[in-house]
Each structure stands twice: as C-alpha cells, then as structure tokens.
Amino acid sequence: MNRWSAYGKLVRDRIPQIIREDGSEPVTYTASPEEYRNRLRDKLGEEIAEFLEADDAKAPEELADVLEVVHALAADLGIDRDQLEKIREAKANERGGFADRVVWTGNR
C-alpha cells in the first residue's frame, strides 16, 4: 500500500468520463504539483508491479502503462519525449543497452 491509497489514486484523465458513462458519479479532485509528482512515482511502482506479475500475453499492455507513467513523470520534470529519448540514447552510447543479455556476477 502506498502513502496515498487512503486518499484515492491517480487515474488516467478519461477515467471519470468512463465512470459517468457507466452510470456512476466519480468523486475527484486535481492534485497539487507536489502531490501529483508523488502520486506519479507511486503509480510507476504500481504499474511496474503489474508488469512483473503479467503473463507474456498481458505484458505488452502493462509495459505500455509503465511507459505512459514514465512520459508523465518526464513531462512533470520539464522533459519532453524527444529530450528523454536523447538522454536514453546518450546513456546507451556511453554504457550500452541490454540487447546482449550480459549478466555480471562480480569481479576477480
């Protein structure tokens, strides 16, 4: 359970509309910038947990949810998708990616 769970959870923007279309009336509010950032961090953990529990058929959808939260976090930090990709590319050029499936077990 995260620190905010007793006070609702961050949901996608269209969720209140979907709830209304299903015949219920959602109770919502807009988070402050600080609360939003904290809730996004919690949401990232939630989405990662869902990805880790997913089978191979469900994993792509869960991974897309992780990416959606990553993009929201980047935007909250003032980084657009292109900048984020450039940062990722620079790090991959400097340290490599994960395509070679290298597992480090220590030093001698």
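Residues numbered from 1 in each chain as written. Predicted model: local features only at pLDDT ≥ 70, side-chain atom pairs only at ≥ 80, totals over all residues. Heavy atoms only, no water.

**Student:** Is there a simple way to explain the packing of helix 2 (residues 33–53) against helix 3 (residues 59–76) in this structure?
**Tutor:** Helix-helix packing is described using two parameters, namely the angle between the two axes and the distance between the axes. Where helix 2 contacts helix 3, the axes come no closer than 9 Å and their chain directions differ by 160°. The pairing of helix 2 with helix 3 is recorded here as roughly antiparallel in orientation. Crossing geometry of helix 2 relative to helix 3 is assigned as left-handed. On helix 3, the residues touching Tyr 36, Arg 37, Leu 40, Arg 41, Lys 43, Leu 44, Glu 47, Ile 48, Glu 50 and Phe 51 of helix 2 are Ala 59, Glu 62, Leu 63, Asp 65, Val 66, Val 69, Val 70, Ala 72, Leu 73 and Asp 76. Tallied by class, residues from the contact of helix 2 with helix 3 come to 12 nonpolar, no polar and 8 charged. (Axes fitted to C-alpha atoms, helices over the stretch in contact; angles between N-to-C directions. Helix = DSSP H or I, 4+ residues; strand = E, 2+ residues; numbered from the N terminus. Parallel < 35°, antiparallel > 145°, perpendicular 65-115°, else oblique. Left-handed = near helix turned anticlockwise from the far one by under 90°. Contact = heavy atoms within 4.5 Å. Nonpolar A, V, L, I, M, F, W, Y, C, P; charged D, E, K, R; others polar.)

**Student:** Even after reading the chapter, I still don't get the pattern of salt bridges, so can you show me in this structure?
**Tutor:** Working definition: two side chains of opposite charge can pair if their charged atoms are close together. The final tally for this structure, using the stated rule, is 8 salt bridges. Asp 65 is paired through a salt bridge with Arg 12; the nearest N and O atoms lie 2.8 Å apart. Taken as a pair, Asp 65 in helix 3 and Arg 12 in the segment before helix 1 (15–21) lie far apart in primary sequence, 53 residues in all. (Salt bridge = Lys/Arg side-chain N within 4 Å of Asp/Glu carboxyl O.)

**Student:** Help me understand the environment of Glu 61, please; the structure alone is not making it clear to me.
**Tutor:** By secondary structure assignment, the location of Glu 61 is in helix 3. With relative accessibility at 46%, the residue Glu 61 sits in the partly exposed group. (Buried < 20%, exposed > 50% of the residue type's maximum accessible area, 1.4 Å probe, protein only.)

**Student:** How should unusual backbone geometry be read in this particular structure?
**Tutor:** Glycine aside, negative phi is the norm for most residues, and most peptide bonds take the trans geometry. Of note in this structure, Arg 101 is not a glycine but carries a positive phi near 60°. In this fold, Arg 101 is placed in the segment after helix 4 (81–95).

**Student:** It is not clear to me how helix 2 should be interpreted in this structure. Could you clarify?
**Tutor:** Taking 1.5 Å of rise per residue, the 21 residues of helix 2 would be expected to cover 30 Å, and the 30 Å separating its terminal C-alpha atoms lies within 8% of that figure. Residues Glu 35, Asn 38, Arg 39, Leu 40, Asp 42, Lys 43 and Glu 47 constitute the buried set of helix 2. On its buried face, helix 2 sits against helix 3. (Expected span 1.5 Å × (residues − 1).)

Interpretation note: all reported values are geometric properties and have no functional meaning in isolation.
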